[in-house]
Amino acid sequence: MTSTNDQPQNGTKTLEAMKSFSETYAKRTDTYFCVDPSVTAVVIEGLARHKDELGSPLCPCRHYEDKEAEVKAAYWNCPCVPMRERKECHCMLFITPDNDFAGDQQDITMDELIKARESLS
């Protein structure tokens, strides 16, 4: 990450946008965040980084030979096709209530997200 003055602000703005998207989507689809909030925080951070770097929230939990090509194909852009069609979230961001890893939260604090960001730096 560069140390320009506006990158942290832009990164935080994107992180806030991905937080809002994730919370809204979880509520709309009756899914929940992982019982371990650090999992949720790391995934949302990954989505924000991909949004900043690639222009789209590409699933951060998969390996891609060519991320730009994957963004254009849109299959793994969050919410990915498996999530939209079958409520299958490889990242464990959106978990159905019957899953053992589902917590009871559909919200996450910015503090938890910032802590995850700092742990990845």
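The structure contained in this document is the topic of the report that follows. (Residues numbered from 1 in each chain as written. Predicted model: local features only at pLDDT ≥ 70, side-chain atom pairs only at ≥ 80, totals over all residues. Heavy atoms only, no water.)

Quick notes on helix H5 (residues 110–120)
Here is step 1: Listed as buried for H5 are Leu113, Ala116 and Arg117. Within H5, the buried residues cover an arc of 100 degrees as seen down the axis, which keeps them to one side. Residues of H5 that are exposed and point over 90 degrees away from its buried face: Asp111, Lys115, Glu118 and Ser119. (Buried < 20%, exposed > 50% of the residue type's maximum accessible area, 1.4 Å probe, protein only. Helix = DSSP H or I, 4+ residues; strand = E, 2+ residues; numbered from the N terminus. Arc of directions from axis to C-beta.)

Side note on the packing of helix H2 (residues 37–54) against H5
Here is step 1: Where H2 contacts H5, the axes come no closer than 8 Å and their chain directions differ by 70 degrees. Accordingly, the angle class assigned to the pair H2 and H5 is roughly perpendicular. Each of Pro37, Ala41, Val42, Ile44, Glu45 and Arg49 in H2 lies in contact with H5, whose residues at this interface are Glu112, Leu113, Ala116, Arg117 and Leu120.
Here is step 2: Residues of the contact of H2 with H5, tallied by class, amount to 7 nonpolar, no polar and 4 charged. (Axes fitted to C-alpha atoms, helices over the stretch in contact; angles between N-to-C directions. Parallel < 35°, antiparallel > 145°, perpendicular 65-115°, else oblique. Contact = heavy atoms within 4.5 Å. Nonpolar A, V, L, I, M, F, W, Y, C, P; charged D, E, K, R; others polar.)

A closer look at the pattern of salt bridges
Here is step 1: Tallying each qualifying case throughout the model produces 6 salt bridges.
Here is step 2: One salt bridge in this structure joins Arg49 and Glu45, with 2.5 Å as the shortest N-O distance. With Arg49 and Glu45 both in helix H2 and 4 residues apart, the pair spans about one turn of that helix.
Here is step 3: When its relative accessible area of 30% is taken as the criterion, Arg49 is described as partly exposed.
Here is step 4: Arg86 is paired through a salt bridge with Glu88; the nearest N and O atoms lie 3.2 Å apart. (Salt bridge = Lys/Arg side-chain N within 4 Å of Asp/Glu carboxyl O.)

Some words on the nonpolar core
Here is step 1: In terms of nonpolar packing, the biggest core is built from 25 residues, with Ile44, Leu93 and Phe94 touching the most fellow members.
Here is step 2: Mapped onto this core, the elements with two or more residues apiece are helix H1 (6–29), H2 and H5.
Here is step 3: Of all the elements, H2 adds the most residues to this core, at 6 residues. (Core = buried A, V, L, I, M, F, W, Y, C linked by side-chain atoms within 4.5 Å.)

Some details on empty space enclosed by the protein
Here is step 1: In the structure shown here, the tally under the stated rule is 1 cavity of 30 Å³ or more.
Here is step 2: Considering only enclosed or pocket space, the largest cavity measures out at about 90 Å³ in volume.
Here is step 3: Taken together, 14 residues form the lining of the largest cavity, with Cys59, Cys78, Cys80, Cys89 and Cys91 sitting closest to its centre.
Here is step 4: In terms of residue class, the lining of the largest cavity is made up of 13 nonpolar, 1 polar and no charged. (1 Å grid on protein atoms, 1.4 Å probe; cavity = no way out; pocket = protein on both sides within 12 Å on 5 of 7 lines; lining within 4 Å. Points joined across faces, edges and corners; volume = space filled by probe spheres on them.)

Section: the side chain of Lys19
Here is step 1: Tracing the backbone through its elements, the reader meets Lys19 in helix H1.
Here is step 2: Residue contacts for Lys19: discarding those within four places in its chain leaves Ile44, Ile108, Thr109, Met110 and Leu113.

Notes on the packing of aromatic side chains
Here is step 1: Tallied over the full model, the rule gives 4 aromatic pairs.
Here is step 2: Aromatic side chains Tyr75 and Trp76 sit 4.8 Å apart centroid to centroid with 80 degrees between the ring planes, which places their arrangement in the edge-to-face category.
Here is step 3: Note on Trp76: relative accessible area 17%, which makes it buried.
Here is step 4: In textbook terms, an aromatic cluster arises when at least three aromatic residues are bridged by ring pairs, as seen for Phe21, Tyr25 and Phe94.
Here is step 5: If you follow Arg62 out to its NZ or CZ, it ends over the ring of Trp76, 3.6 Å from the centre. (Phe/Tyr/Trp six-rings, centres within 6.5 Å; stacked < 30°, edge-to-face > 60°. Lys NZ or Arg CZ within 6 Å of the ring centre and 35° of its normal.)

None of this, on its own, says anything about what the molecule does.
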